[in-house]
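# Architecture at a glance
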Amino acid sequence: KVLGGGMRQSGVLAVCGLQSLSVMTKRLQEDHDNARRLAMGLSQVQGVLLDPNSVHTNIVYFRLAGGKAQRAVGLLKKRGVLMTAKDDQTLRAVTHYMIPAQSCDYVVRCVRDVVAGMQQQQ
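So, here is what we can say about the structure in this document.

How each quantity is defined
Residues numbered from 1 in each chain as written. Predicted model: local features only at pLDDT ≥ 70, side-chain atom pairs only at ≥ 80, totals over all residues. Heavy atoms only, no water. Helix = DSSP H or I, 4+ residues; strand = E, 2+ residues; numbered from the N terminus. Salt bridge = Lys/Arg side-chain N within 4 Å of Asp/Glu carboxyl O. Buried < 20%, exposed > 50% of the residue type's maximum accessible area, 1.4 Å probe, protein only. Polar contact = N/O pair within 3.5 Å; in protein donor to acceptor, adjacent residues only side chain to side chain. Contact = heavy atoms within 4.5 Å. Pairing = 2+ DSSP bridges. Axes fitted to C-alpha atoms, helices over the stretch in contact; angles between N-to-C directions.

Turning our attention to unusual backbone geometry. Here K68, not a glycine, exhibits a phi torsion of approximately 65°, which is positive. Within the element layout of this structure, K68 appears in the loop between β2 (59-64) and α3 (69-77).

Here's what the structure looks like:
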């Protein structure tokens, strides 16, 4: 251990870092484009408050006019869509290398259905 024997896992971590720098940075624009696509679709959903021009990275924040973001997170999870609630009105969605462009359209449909269902129950 004196000569670095306790650092066996550092090579595994280094490979992850090298992969990120050499491969993932080249496709980062794709994630940003998908986030913009998602934002454009979500901005058309009744009950969703979002300015698509505010999205500049792969992270999309949007508000629900009726609140209950945590409930929406649970309902979306049942459809295979994972998001987080920042507060009672704000949801956070993130695009990444495992989210193809077509999935953004699916997410918009799911959000549309969930929001409409929540509005009917009010």
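Still more to cover.
Under the counting rule described, the total for this entry stands at four salt bridges. Between D113 and R79 there is a salt bridge; the shortest N-O distance is 3.4 Å. Highlighted residues: D113 in helix α4 (residues 101-121) and R79 in the loop between α3 and β3 (84-85), separated in sequence by 34 residues. By relative accessible area, D113 is classed as partly exposed at 42%. One salt-bridge network, held together by shared partners, links R27, E30 and D31.

Turning our attention to the side chain of S43. Among the secondary structure elements, S43 is positioned in the loop between α2 (28-42) and β1 (48-49). Within polar-contact distance, the side chain of S43 engages the side chain of Q44 at 3.4 Å. If near-sequence neighbours (up to four positions away) are discounted, S43 is found in contact with L50 and P52.

Further remarks concern the sheet that holds β2. Reading across the sheet, the four strands line up as β1-β2-β4-β3 and stay open at both edges, with antiparallel pairing between neighbours. The open sheet has two edge strands with one neighbour each: β1 and β3. Relative to strand β4 (residues 90-94), β2 is paired through five bridges, and the arrangement is antiparallel. Bridge pairing links F62 to L91 in β4. Of the strands in this sheet, β1, β2 and β4 touch α2, which is tilted by about 15° from β2.

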